[in-house]
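Examination of the molecular architecture
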Amino acid sequence: MNLIDYHIHTTFSEDGVSTPEECAKAAAGRNLSGIIFTEHLEFIPPPDSPEPAYVPARVLPARQYALAVAAVRERWRERLSVGLGVELGLEPHNLDAVPEFLATAELSLDYVLGSLHGIRGVLVQEPAFTDPLGPAEAARLYFERLLAGVKRASRLGACDVIGHLDLVKRSPTFGGFRLRDQRAHVEETLRVIIRGGLGLEVNTSGLRQSPGEPYPGLDTLKLYRELGGEIVTVGSDSHTATTVGLGSAEALEFIRAAGFRHITLFSGRAPRRVAI
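The rules behind each value
- Counting of residues starts from 1 at the beginning of each chain's written sequence and follows it residue by residue.
- The model is predicted, so local features are restricted to residues of pLDDT at least 70 and side-chain atom pairs to those at 80 or more, both for listing and for counting; the totals for chains, interfaces and linings are taken over all residues.
- For side-chain calculations, the full set of non-hydrogen atoms in the structure is used, while hydrogens and water are omitted.
- What counts as a helix is a DSSP run of H or I of at least four residues, what counts as a strand is a run of E of at least two, and both are numbered from the N terminus.
- The buried label goes to any residue with under 20% of its type's maximum accessible area, the exposed label to any with over 50%, and the partly exposed label to all in between, with areas taken from a 1.4 Å probe on protein chains only.
- Polar contact is the term for a pair of N or O atoms within 3.5 Å; when the atoms are in protein, one must be able to donate a hydrogen and the other to accept it, and sequence-neighboring residues count only if both atoms are side-chain atoms.
- Contact definition: two residues touch when any of their heavy atoms are within 4.5 Å.
- Lines fitted to C-alpha atoms define the axes here, with helix axes fitted over just the stretch in contact, and angles between the N-to-C directions of these axes take values from 0 to 180 degrees.
- The cut-offs work like this: below 35 degrees is roughly parallel, past 145 is roughly antiparallel, 65 to 115 is roughly perpendicular, and the gaps in between are oblique.
- Two helices crossing with the near one rotated counterclockwise from the far one by less than a right angle form a left-handed crossing, whereas a clockwise rotation gives a right-handed crossing.
- Each C-beta atom gives one direction from the helix axis, and the arc is the one those directions make.

Structurally, the position occupied by Gln 182 is in the loop between strand E7 (161-162) and helix H6 (183-195). Assessed through its relative accessible area of 6%, Gln 182 is described here as buried. Within polar-contact distance, the side chain of Gln 182 engages the backbone oxygen of Ala 136 at 3.4 Å. For Gln 182, the residues in contact, after removing those within four places along its chain, are Ala 136, Ala 139, Arg 140, Phe 143 and Phe 177.

Here we come to the environment of Phe 12. Considering the arrangement of structural elements, one finds Phe 12 in the loop between strand E1 (4-8) and helix H1 (20-29). Distance from Phe 12 to Leu 60, taken between C-alpha atoms, is 7.0 Å for residues 48 residues apart in sequence. Sequence-distant contacts of Phe 12, that is, excluding residues within four places in its chain, are made with Pro 20, Glu 39, Arg 58, Leu 60, Pro 61, Gln 64, Tyr 65 and Ala 68.

Turning to its location among the elements, Pro 45 is positioned in the loop between strand E2 (34-41) and helix H2 (62-75). Separated by 27 residues in the primary sequence, Pro 45 and Ser 18 have C-alpha atoms spaced 27 Å apart. With near-sequence residues (within four places) excluded, Pro 45 lies in contact with Ala 53, Tyr 54, Val 55 and His 93.

This paragraph deals with the packing of helix H7 (residues 218-226) against helix H8 (residues 248-257). Each packed pair of helices is defined by two parameters, the angle between the axes and the distance between the axes. Closest axis-to-axis distance for the H7/H8 pair is 9 Å, and the angle between their directions is 55°. It follows that H7 is oblique to H8 by the angle criterion. You can see that H7 and H8 cross each other, and the crossing is right-handed. Taken together, the residues of H8 that come into contact with H7 (itself represented by Leu 218, Leu 221 and Lys 222) are Phe 254, Ile 255 and Ala 257.

With that settled, consider H7. All of the buried residues in H7 are Thr 220, Leu 221, Leu 223 and Tyr 224. Projection of H7 onto a plane perpendicular to its axis shows the buried side chains occupying an angular sector of 155°, all on one side. Facing away from the buried side of H7 by over 90 degrees, the exposed positions are Asp 219 and Glu 226. Contact partners of the buried residues in H7: H6, strand E8 (199-203), strand E9 (232-235) and H8. A positive backbone phi angle near 110° is found at Gly 228, which sits one or two residues after H7.

Set out below in structure tokens:
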């Protein structure tokens, strides 16, 4: 069984608490066959930014990160495939900055996950975002911004897979997410993903959080397949070694339930299907 985890943050991310070595050890202990580290890639917004945005304490130290992952890959090469990736924020200022970063950084990436985390400087999964707007308007605004980010990232060739598609439902005050309420926005986003040759992540962190289901839900994943989507990956969105690989087996069953008979592996940003 191809148990993978393609969404892991370590101490190279501001919110990560475990080292790459600790995460690899946890992955091997849970009999995963492959992992990719996906440290946050966020940039400092310019002073004339049109709206508030998250300000990282630092930009990812590319060379240090690459060396650390190379060392872990070598240590675990008999047990585990280890990849080098990033999670790129799809906010406009990040997409402004990423082409130069990727052109100059010493990173030979295997995988780039694109995700939207914040709008107007507020995390979309927090009640501070959803409560003032209400669930319906919060979801509409989130998908509007996500669509814009996906369109631009696709044109730039900046990412390979879109992460936690319906993250807005994570807010404990959001309530249940129903595809029919946001179908037009979701479907348009999925069509852009497919046309751009991008994929969709099944993010298992939702199983550990208030939604009690992955991001995206089953109805959305089925719609993605019906529209012609083919690339699908699995990630735990771990920020600590204790959750690496959690939900990976359940994710394969979830993917099968949506009608897929394969998942997608990445190396050198090139996708490869494997049967499940």
